[in-house]
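Commentary on secondary and tertiary structure
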Amino acid sequence: MARILVVDDEKSMREFLEIFLRKAGFEVVLAKNGVEAVEAIEREEFDIVMTDLKMPRLSGIDVLEKTKELSPQTMVIVMTAYSTAETAIEAMKKGAYDYIPKPFKNEELRVLLEKALEKRHLLLENVRLKG
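Moving on, we get to the overall build of the chain. If you tally the helices and strands in the chain, you get five helices and five strands. For 131 residues, the compact-globule formula gives about 14 Å, and the C-alpha radius of gyration of the chain, at 14 Å, lands near that figure. With the principal axes as the frame, the chain shows a C-alpha extent of 40 × 30 × 30 Å. Residue pairs in contact within the chain that sit at least 24 positions apart in sequence constitute 62% of those at least 6 positions apart. Of the accessible surface of the chain, which amounts to about 7200 Å², a share of 53% is contributed by carbon and sulfur atoms.

In structure tokens form, the structure reads like this:
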């Protein structure tokens, strides 16, 4: 079962994603801010980190950078209600798997998660074969 860390300062978004992802068969861990997210990433391994972009103290970009530093094969999906081309480009340059504007369609998110997991499996297999 794939593990997903959901990072969002909006309680309603965390709750929605928890219900949606559990129904889709994922194990879900929630963080209400970037600080909690980084602590969780330091303690545990996740297949995917879904992070909101705009949060107090540590932004989604900060969470992205720390995730890539601690766990390079973890796929990071950046979510935001404040979508601009600049922030999307910055997130992708810093290693995000993808960038999804809110609100998003459930089916769109499900397909994105499947593709992110496929890419993670390929990366892990590549690392294993090289080792």
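Now that the structure has been shown, we can carry on.
On to the nonpolar core. Of all hydrophobic cores here, the largest spans 22 residues; its most connected members are Leu17, Leu21, Ile48, Met50, Ile77 and Leu113. Counting only elements with at least two residues in this core, the list comes to β1 (3-7), α1 (11-23), β3 (48-52), β4 (75-80) and α5 (106-130). With five residues, the top contributor of residues to this core is α5. Beyond its immediate chain neighbours, meaning those up to four positions away, leucine 113 contacts Ile4, Leu21, Phe26, Ile48, Met50 and Ile77. If you look at the next biggest cluster of nonpolar residues, it comprises 20 residues, including Leu5, Ala31, Ala37 and Leu64.

Turning our eyes to something else, we now look at the packing of α1 against α5. Contact geometry for α1 and α5: axes closest at 12 Å, N-to-C directions at 65 degrees. Considering how the two elements wind past one another, α1 and α5 form a crossing that is right-handed. For the pair α1 and α5, the contacting residues are Phe16, Leu17, Phe20 and Leu21 in the first and Asn106, Leu109, Arg110 and Leu113 in the second. Of the residues assigned to the contact of α1 with α5, the class counts are six nonpolar, one polar and one charged.

Next up on the list: α1. Over its 13 residues, α1 extends 18 Å from the first C-alpha to the last, a length consistent with the 18 Å expected when each residue adds 1.5 Å. For α1, every residue scored as buried is listed here: Met13, Arg14, Leu17, Phe20 and Leu21. Down the axis of α1, the smallest arc covering the buried residues is 140 degrees, so these residues share one side. Those residues of α1 that are exposed and aimed more than 90 degrees away from the buried face are Lys11, Ser12 and Lys23. Residues of α1 that are buried in the fold lie against β1, β2 (27-31), β3, β4 and α5. With its phi angle positive at about 95 degrees, glycine 25 sits one or two positions after the end of α1.

Here we take up the side chain of aspartate 47. Assignment of secondary structure puts aspartate 47 in the loop between α2 (34-43) and β3. Relative accessible area serves as the criterion here: at 13%, aspartate 47 is assigned to the buried category. A polar contact is formed between the side chain of aspartate 47 and the backbone nitrogen of arginine 3, at a distance of 2.7 Å. Reaching out from aspartate 47, the side chain makes a polar contact with the side chain of arginine 120 at a distance of 2.7 Å. When near neighbours in sequence (up to four residues on either side) are disregarded, aspartate 47 contacts Met1, Ala2, Arg3, Thr74, Met75, Leu117 and Arg120.

For the rest of this paragraph, the subject is helix α3 (residues 60-70). When we look at burial in α3, the residues that qualify are Gly60, Ile61, Val63, Leu64 and Thr67. Along the long axis of α3, the arc covered by the buried residues comes to 160 degrees, so they all point the same way. Considering only its buried residues, α3 is in contact with α2, β3, β4 and α4 (85-93). Capping of α3 at its N-terminal end is provided by serine 59; its side-chain oxygen lies 3.2 Å from the backbone amide nitrogen of isoleucine 61.

Parameters at a glance
Counting restarts for each chain: residues are numbered from 1 in the order of the written sequence. Per-residue local features are limited, in this predicted model, to residues with pLDDT of at least 70; the limit for side-chain atom pairs, both in listing and counting, is 80 or more; totals at the level of whole chains, interfaces and linings are taken over all residues. Working from all heavy atoms in the structure, the side-chain values ignore hydrogens and water. Helix and strand labels come from DSSP, where a helix needs a run of H or I of at least four residues and a strand needs a run of E of at least two; each type is numbered from the N terminus. The quantity called the radius of gyration is restricted to C-alpha atoms. Its globule counterpart is 2.2 Å times the number of residues to the power 0.38. Note on definitions: a residue-residue contact is assigned when non-hydrogen atoms from the two residues lie within 4.5 Å. Where accessible areas are quoted, they stem from the Shrake-Rupley method and a 1.4 Å probe; at the residue level, only the protein chains shown are allowed to cover. Think of a nonpolar core as a cluster: buried Ala, Val, Leu, Ile, Met, Phe, Trp, Tyr and Cys residues, connected wherever their side-chain atoms sit within 4.5 Å. Using a 1.4 Å probe on the protein chains alone, a residue whose accessible area is under 20% of its type maximum counts as buried, one over 50% counts as exposed, and one in between counts as partly exposed. Interaxial angle, 0 to 180 degrees, is taken between N-to-C directions of lines fitted to C-alpha atoms, where a helix line uses only the stretch in contact. For any pair of crossing helices, the crossing counts as left-handed if the nearer helix is rotated counterclockwise from the farther one by less than a right angle, and right-handed if it is rotated clockwise. Each residue gets one label: Ala, Val, Leu, Ile, Met, Phe, Trp, Tyr, Cys and Pro are nonpolar, Asp, Glu, Lys and Arg are charged, and the others, such as Gly, are polar. Between the first and last residue of a helix there are one fewer steps than residues, each counted as 1.5 Å, and that sum is the expected span. For this quantity, the arc is that covered by the directions from the helix axis to the C-beta atoms. In protein, a polar contact means a hydrogen-donor-capable atom and an acceptor-capable atom, both N or O and within 3.5 Å, with residues adjacent in sequence counting only if both atoms are side-chain atoms; elsewhere, any N or O pair within 3.5 Å suffices.

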